[in-house]
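Descriptive analysis of the structure
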Amino acid sequence: MSTDYQRAREELGRQLREMRLESAEGRLTGAQLAQRLGWQQSKISKLENGRQTPTDDDLRAWAEAVGRPAVFPELRARLRGFESHIRSWQRQLSAGHAPVQETWNTLVSNTTTMHALSGAAVNGMLHTADYARHIFERHAALRKSPKDADAAVRARMKRQEWLYRPGKRLNLIMPESVLWARICPPETLAAQLDRLLGVVGMDTVRLGILPLEGALPLALGNSFNMLDDRLVVVEDWHAELWLDDAETIALYRRVWDTFAESAVFGAEAQQVIARVRRSLKV
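Residues numbered from 1 in each chain as written. Predicted model: local features only at pLDDT ≥ 70, side-chain atom pairs only at ≥ 80, totals over all residues. Heavy atoms only, no water.

Applying the stated rule across the entire model yields 10 salt bridges. Its salt-bridge partner being Arg133, residue Asp150 comes within 3.3 Å of it at the nearest N-O pair. Placement of the pair is Asp150 in helix H9 (residues 149-159) and Arg133 in helix H8 (residues 129-143), with a sequence separation of 17 residues. Asp150 sits in the partly exposed class, given a relative accessible area of 45%. (Salt bridge = Lys/Arg side-chain N within 4 Å of Asp/Glu carboxyl O. Helix = DSSP H or I, 4+ residues; strand = E, 2+ residues; numbered from the N terminus. Buried < 20%, exposed > 50% of the residue type's maximum accessible area, 1.4 Å probe, protein only.)

Laid out in structure tokens, this is it:
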């Protein structure tokens, strides 16, 4: 976790500790509060020392247990403040992939221009339904989250309507290795490559490929999506990072522009995709 995130969590923990020590009924020990809440005492310690992120329910229960329920909105606001930048997959996927996709639908609907670098898989804005379903199922198994692939696929497919709205623009760069990655059956990958071949000529899509034999200006880092100039979402195994400060957004735009100098677009990109597609022989 980032230093800023951890510091904010520790500060919230200190506030919780102060509330326990200054409860309406007098000073409460950690053991007493744990008994009152029906929690393990170790949870009290972890929350107060910033080693565990509380949920809304945790904060509400804590505020009520120490006799200060009116403080709950303030606690929740503080939690939202630092969680808005690091959104753990464990928390986001607690209700499945579909709600996450609906959140993305809202983000994208309010966006005019996207810049994306997708280094591990085809970007979701261009998925076929079968390719998306395979990814959702694999990630649900990995994270042991609710299995709602069908609903998640429907939400992701709905988001792609954005590509057919006038004035929108998706600027996407992928390394050629993504086209070869067998993260799904060959038949599914072949259909996905056909989809990419079909979008190269769209007015709303600028698709760039970094050829395997080409020189890279930088080492490929994490995949990211930039929404206009207001938000960058970076993907990692444990979380999404939502970054909204101007300096960071400018950095990610420079990263995208730097890779764009080494990418091929238009007919050259189609040639690379078509070469990989022919190799599948399906």
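Further notes follow.
Let us look at helix H2 (residues 30-37). Along H2, the residues that are buried comprise Gly30, Leu33, Ala34 and Leu37. Seen end-on, H2 carries its buried residues on one side only, within an arc spanning 100 degrees. Just beyond H2, the residue with positive phi is Gly38, at close to 75 degrees. (Arc of directions from axis to C-beta.)

Okay, the pairing of strand S2 (residues 113-117) next. Judged by how many residues are buried, S2 sits mostly within the fold: four of five residues are covered. Here five bridges tie S2 to strand S3 (residues 169-175), and the two strands are oriented parallel to one another. When the bridges of S3 are listed, Thr113 appears paired with Arg169. (Pairing = 2+ DSSP bridges.)

Now for the layout of surface pockets. Rolled over the atoms, a probe as big as a water molecule pinpoints where empty space is left. For the largest pocket, the calculated volume is near 940 Å³. Among the elements of the structure, helix H7 (97-109), H8 and H9 are those that each provide at least two residues to the lining of the largest pocket. Ranked by the residues each element gives to the lining of the largest pocket, the list is headed by H8, at six residues. (1 Å grid on protein atoms, 1.4 Å probe; cavity = no way out; pocket = protein on both sides within 12 Å on 5 of 7 lines; lining within 4 Å. Points joined across faces, edges and corners; volume = space filled by probe spheres on them.)

Here the focus is the sheet that holds S2. Reading across from one edge, S1-S7-S6-S5-S2-S3-S4 is the order of the seven strands in this open sheet, with mixed pairing throughout. Edge positions in the open sheet fall to strand S1 (86-88) and strand S4 (205-210), since each of these has one partner strand only. The average angle at which neighbouring strand axes cross in this sheet is 15 degrees, direction not considered. Across the sheet, helix H12 (residues 246-260) is in contact with S2, S3, S4, strand S5 (224-227), strand S6 (231-235) and strand S7 (239-243); its angle to S5 comes to roughly 115 degrees. (Axes fitted to C-alpha atoms, helices over the stretch in contact; angles between N-to-C directions. Contact = heavy atoms within 4.5 Å.)

If you look at the biggest cluster of nonpolar residues, it comprises 42 residues, and the most contacted ones within it are Met174, Leu179, Leu196, Leu207 and Ile209. Not counting the four nearest positions on each side in its chain, Leu196 is found in contact with Val122, Leu126, Met174, Leu179, Leu207 and Ile273. (Core = buried A, V, L, I, M, F, W, Y, C linked by side-chain atoms within 4.5 Å.)

The next point concerns the pairing of S5. Burial of S5 is two-sided: the residues Phe224 and Met226 facing one way and the residues Asn225 and Leu227 facing the other way are all buried. Of the pairings in the sheet, the one linking S2 to S5 comprises four bridges and is antiparallel in character. Counted as the bridge partner of Ala116 is Asn225 from S5. Hairpin remark: S5 followed by S6, antiparallel, with three residues in the connecting loop; positive phi at Asp228, about 50 degrees.

Let's shift gears to the packing of helix H11 (residues 186-199) against helix H13 (residues 266-280). Running from amino to carboxyl end, H11 crosses H13 at an angle of 160 degrees, the nearest separation of the two axes being 10 Å. Considered as vectors, H11 and H13 are oriented roughly antiparallel to each other. The way H11 lies across H13 gives a crossing that is left-handed. Taking contact as the criterion, the partners of Pro186, Leu189, Ala190, Leu193, Asp194, Leu196 and Leu197 in H11 are, on H13, Gln270, Ile273, Ala274, Val276, Arg277 and Leu280. In terms of residue class, the contact of H11 with H13 is built from 10 nonpolar, one polar and two charged. (Parallel < 35°, antiparallel > 145°, perpendicular 65-115°, else oblique. Left-handed = near helix turned anticlockwise from the far one by under 90°. Nonpolar A, V, L, I, M, F, W, Y, C, P; charged D, E, K, R; others polar.)

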